[in-house]
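Chains, contacts and geometry: an overview
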Amino acid sequence: DTILEFTYKTNSINEDDRKRYNDYIIYWESLSVSIKQFLGNSFYLTIGGEYRKLSYNYTTYLANGVLEENTQFSGSSTLATFGLGNQWQWAHMFMGCDWFIMNLPMSNKVNNESSVGTFSSNINRLTDDKAKYLENFNMSFVQFYLGASF
């Protein structure tokens, strides 16, 4: 009725929009541990912790291709996670859905940051995106997964 789960994830966003002359590159990886407690046949509650590392780079160019601004930082955060979902298992295969996951930041650290450009929007973007990716509470809904157990 209880599963101890370890998860390693990586993800990246690489958005190159030459029409608007900007480029976003965000890469993160996370390591988490959680406990799933099944309350019925397939329904579970989960609680756990997650450690994330993030690398962020935002660049804009003028129409002639000259660098206008560049904002970058790297950092890490520790989060408490809570959620609920369903999981079904057949022999060594399983399929599930996290219906609702809540991530509550417990601590965060910015390892380095830099901002090139003279625009106040550049500094505001750096502040807003650090908060968005490292400090803010977030929720996700309906995440399907498929896997195997040994």
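Below: a short report on this structure. (Residues numbered from 1 in each chain as written. Predicted model: local features only at pLDDT ≥ 70, side-chain atom pairs only at ≥ 80, totals over all residues. Heavy atoms only, no water.)

Quick word on the nonpolar core
In terms of nonpolar packing, the biggest core is built from seven residues, these being Ile-26, Leu-54, Tyr-56, Tyr-58, Phe-73, Leu-126 and Leu-134. Of all the secondary-structure elements, those providing two or more residues to this core are strand E3 (43–61) and helix H1 (120–135). Residue contributions to this core peak at three residues, all from E3. Not counting chain neighbours up to four residues away, the residues in contact with Leu-126 comprise Thr-71, Gln-72, Phe-73, Glu-113 and Ser-115. (Core = buried A, V, L, I, M, F, W, Y, C linked by side-chain atoms within 4.5 Å. Buried < 20%, exposed > 50% of the residue type's maximum accessible area, 1.4 Å probe, protein only. Helix = DSSP H or I, 4+ residues; strand = E, 2+ residues; numbered from the N terminus. Contact = heavy atoms within 4.5 Å.)

A short note on the side chain of Ser-42
One can find Ser-42 in the loop between strand E2 (22–38) and E3. The exposure class assigned to Ser-42 is buried, which follows from its relative accessible area of 11%. At 3.4 Å, the side chain of Ser-42 forms a polar contact with the side chain of Trp-88. When near neighbours in sequence (up to four residues on either side) are disregarded, Ser-42 contacts Gly-85, Asn-86, Gln-87 and Trp-88. (Polar contact = N/O pair within 3.5 Å; in protein donor to acceptor, adjacent residues only side chain to side chain.)

Let's talk about unusual backbone geometry
Positive phi, normally seen in glycine, also occurs at Ala-91, with a value near 50 degrees. Among the structural elements, Ala-91 can be located in the loop between strand E4 (67–90) and strand E5 (93–116). Even without glycine at this site, Val-142 takes up a positive phi of about 55 degrees. If you trace the backbone, Val-142 turns up in strand E6 (residues 138–148).

Quick notes on the pairing of E4
Summarising the sheet, E3 and E4 pair through 19 bridges and their orientation is antiparallel. Among the inter-strand pairings, Phe-43 is bridged to a residue of E4, identified as Asn-86. The turn linking E3 back onto E4 is made up of five residues, and Gly-65 within it adopts a positive phi angle of 90 degrees. In the sheet, E4 pairs with E5 via 21 bridges, with the strands oriented antiparallel. Bridge assignment links Ala-80 to a residue of E5, and that residue is Leu-104. Hairpin geometry of E4 and E5 is characterised by an intervening segment of two residues between the two adjacent antiparallel strands and by a positive phi of about 50 degrees at Ala-91. (Pairing = 2+ DSSP bridges.)

Thoughts on the pattern of salt bridges
If the charged atoms of two oppositely charged side chains come close together, the side chains can form a pair. Using the criterion set out here, one finds four salt bridges in the structure. Ionic pairing is found between Glu-5 and Lys-36, a salt bridge with its closest N-O pair at 3.4 Å. Of this pair, Glu-5 sits in strand E1 (residues 2–17) while Lys-36 sits in strand E2, and the two are 31 residues apart along the sequence. Lys-36 sits in the buried class, given a relative accessible area of 3%. Across the salt bridge formed by Arg-52 and Glu-50, the nearest N and O atoms sit 2.8 Å from each other. We classify Glu-50 as buried; its relative accessible area is 10%. (Salt bridge = Lys/Arg side-chain N within 4 Å of Asp/Glu carboxyl O.)

Structural notes on the packing of aromatic side chains
Two numbers describe a pair of aromatic rings. These are the distance of the centres and the angle of the planes. For the structure shown, the criterion picks out five aromatic pairs. When the centroid spacing of 5.5 Å and the interplanar angle of 65 degrees are considered together, the rings of Phe-38 and Tyr-44 count as edge-to-face. Residue Phe-38 is classed as buried on the basis of its relative accessible area, which comes to 14%. With 6.0 Å between their ring centres and 45 degrees between their planes, Tyr-56 and Tyr-133 make a pair best called tilted. Placement of the pair is Tyr-56 in strand E3 and Tyr-133 in helix H1, with a sequence separation of 77 residues. (Phe/Tyr/Trp six-rings, centres within 6.5 Å; stacked < 30°, edge-to-face > 60°.)

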